[in-house]
Amino acid sequence: MTQTADVIVIGAGMAGASAAAEMTRGAKVVVLESEPHPGYHSTGRSAAIFIQSYGNAAVRQLNRASRPLLEAHPFDPEGAGVLSPRGILTLAGADETAHLDALLAENPGVEEIPPDEAVEMVPILRRAAIERAAFEADALDIDVDRLHQLYLRHLKQAGGSLVCNAGVTGLTRDGGVWRAETRAGVFEAPLVVNAAGAWADLTAAMAGVEPLGLRPLRRSAAILPAPPGHAVERWPLAGNAAETYYFKPEAGKLMVSPADETPVDPHDAWPDDMDLAEGLDRFARAVDYEVTRVERTWAGLRTFAPDRALVIGFDPTAEGFFWLAGQGGYGIQTAPGAARLAAGLLLEETAPTGIDPAPLSPARFRD
Ligand SMILES: Cc1cc2nc3c(=O)[nH]c(=O)nc-3n(C[C@H](O)[C@H](O)[C@H](O)COP(=O)(O)OP(=O)(O)OC[C@H]3O[C@@H](n4cnc5c(N)ncnc54)[C@H](O)[C@@H]3O)c2cc1C
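Residues numbered from 1 in each chain as written. Predicted model: local features only at pLDDT ≥ 70, side-chain atom pairs only at ≥ 80, totals over all residues. Heavy atoms only, no water.

**Side note on the domain arrangement of the protein**
Assigned domains within the protein: domain 1 (2–79 + 143–212 + 307–365) and domain 2 (88–137 + 215–304). Averaged C-alpha coordinates put domain 1 and domain 2 at centres separated by 30 Å. Across the contact, 21 residues belong to domain 1 and 21 residues belong to domain 2. Taking both sides of the interface into account, the surface hidden between domain 1 and domain 2 amounts to around 1600 Å²; carbon and sulfur atoms contribute 52%. Of all residues in domain 1, Arg45, Ala198 and Arg308 bury the most surface against domain 2, accounting for 34% of the area lost on that side. Applying the counting criterion to the domain 1 and domain 2 interface returns 2 salt bridges. Linking Asp268 and Arg45 is a salt bridge whose minimum nitrogen-to-oxygen distance equals 2.8 Å. At the junction of domain 1 and domain 2, the tally comes to 13 residue pairs in polar contact (both at pLDDT 80 or more). (Domains from an automatic or database assignment. Contact = heavy atoms within 4.5 Å. Buried area = accessible area lost by both parts, 1.4 Å probe. Salt bridge = Lys/Arg side-chain N within 4 Å of Asp/Glu carboxyl O. Polar contact = N/O pair within 3.5 Å; in protein donor to acceptor, adjacent residues only side chain to side chain.)

**Points about helix α8 (residues 335–346)**
In this model α8 runs 16 Å from its N-terminal to its C-terminal C-alpha over 12 residues, within 8% of the 16 Å that 1.5 Å per residue would give. In terms of burial, α8 is a largely internal element, 10 of the 12 residues being buried. Along α8, the residues that are buried comprise Ala335, Pro336, Gly337, Ala338, Ala339, Leu341, Ala342, Ala343, Gly344 and Leu346. Packing partners of the buried residues in α8 comprise α1 (14–23), α2 (57–71), α5 (144–157), β14 (191–194), β21 (311–314) and β22 (321–325). (Helix = DSSP H or I, 4+ residues; strand = E, 2+ residues; numbered from the N terminus. Expected span 1.5 Å × (residues − 1). Buried < 20%, exposed > 50% of the residue type's maximum accessible area, 1.4 Å probe, protein only.)

**Quick word on the environment of Arg45**
Mapped onto the secondary structure, Arg45 falls in the loop between β3 (29–32) and β4 (49–51). Sequence separation of Arg45 and Pro85 is 40 residues, and the distance between their C-alpha atoms is 20 Å. Ignoring any residue separated from it by four or fewer positions in sequence, one finds Arg45 in contact with Tyr40, Asp268, Ala269, Trp298, Ala299 and Gly300. Reaching out from Arg45, the side chain makes a polar contact with the backbone oxygen of Tyr40 at a distance of 3.1 Å. Within the local environment of Arg45, its side chain forms a polar contact with the side chain of Asp268, the two groups lying 2.8 Å apart.

So, in structure tokens, the structure goes:
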């Protein structure tokens, strides 16, 4: 049996879920997800941080638009937010001071602090390895699961639907209607939103739409036990200025990432042992804490457009085909703003969102 809707959203990660929920105010929306559960891929594997200054100018306007919605979420019954304090400490060894200068020059919210103060904040840091340090107070933890659930719950309450185990295997357009084939049935709608994360270019190709050159980059992470005698929960995220490792508290333990960016094909990502070992070695040289046990490891894909800005908008070469892709390393923190922009464009609303769509539009790759 064929089911019909106004909009089909492909992918139920943070991007698809948030845009679908926002669109329910003006459209009948169905979200199709390959996996048995939404959020299985990148959305469930992030470091869960909001950094106001993260990304280029096109991304930063989404950070600005998203922040108030993360602080007081419109879909929470009490208007509660999903942010909590964290902070980011950046450490520069003798050969990294140029990186630190660049960070300070580009981000007015980042302040240089004495290295001793950095060690007070995170007492396992090896003082001798720190030449200079900087702190950004305005970086926050995001409760990613709650944010995702707020969107999925709103989608259902507002009459939309989520169909899992429904990977789209065929996407064709006929008579002004997109037809998506899945093993859960056939779905038709005049508009389709490509929120397929690392698979967004493959999804476009399936629809006969030229891919954009999106690149999935793998990033790995490990959970270590907390260093004995330390209550880590209030520590900031700490990492080096050259961005070759970072660590942060995670449920009473430490999450460490090599900050790797290894190009891969879209897949269910797993960590590369060598990437992780090298990252853990860089971490171990920065701290007085012997890593004797790794409790858990994982990897996820951060998928970037060639210019590292998100891609949000109708493809000028394919009627009714909308991109919501290229979320890179900021897809959680930008989701509320990106979803509002996407819904506004899809519903043809004229109310200003405060976001300039031009630097985000797929048209920038079509000239
Ligand atoms: C280690 C790591 C740390 C990160 N840290 C942060 C951070 O601190 N802050 C931040 O904001 N961001 C962070 N990110 C980035 C963030 O996780 C991503 O940008 C975001 O999750 C992307 O969401 P998405 O919905 O586009 O992709 P996904 O969550 O991957 O969702 C895409 C969905 O599409 C589905 N799909 C694909 N093809 C099809 C098909 N044909 N049919 C149906 N369904 C399909 C997939 O199954 C998947 O569920 C991090 C990422 C990683 C890996």
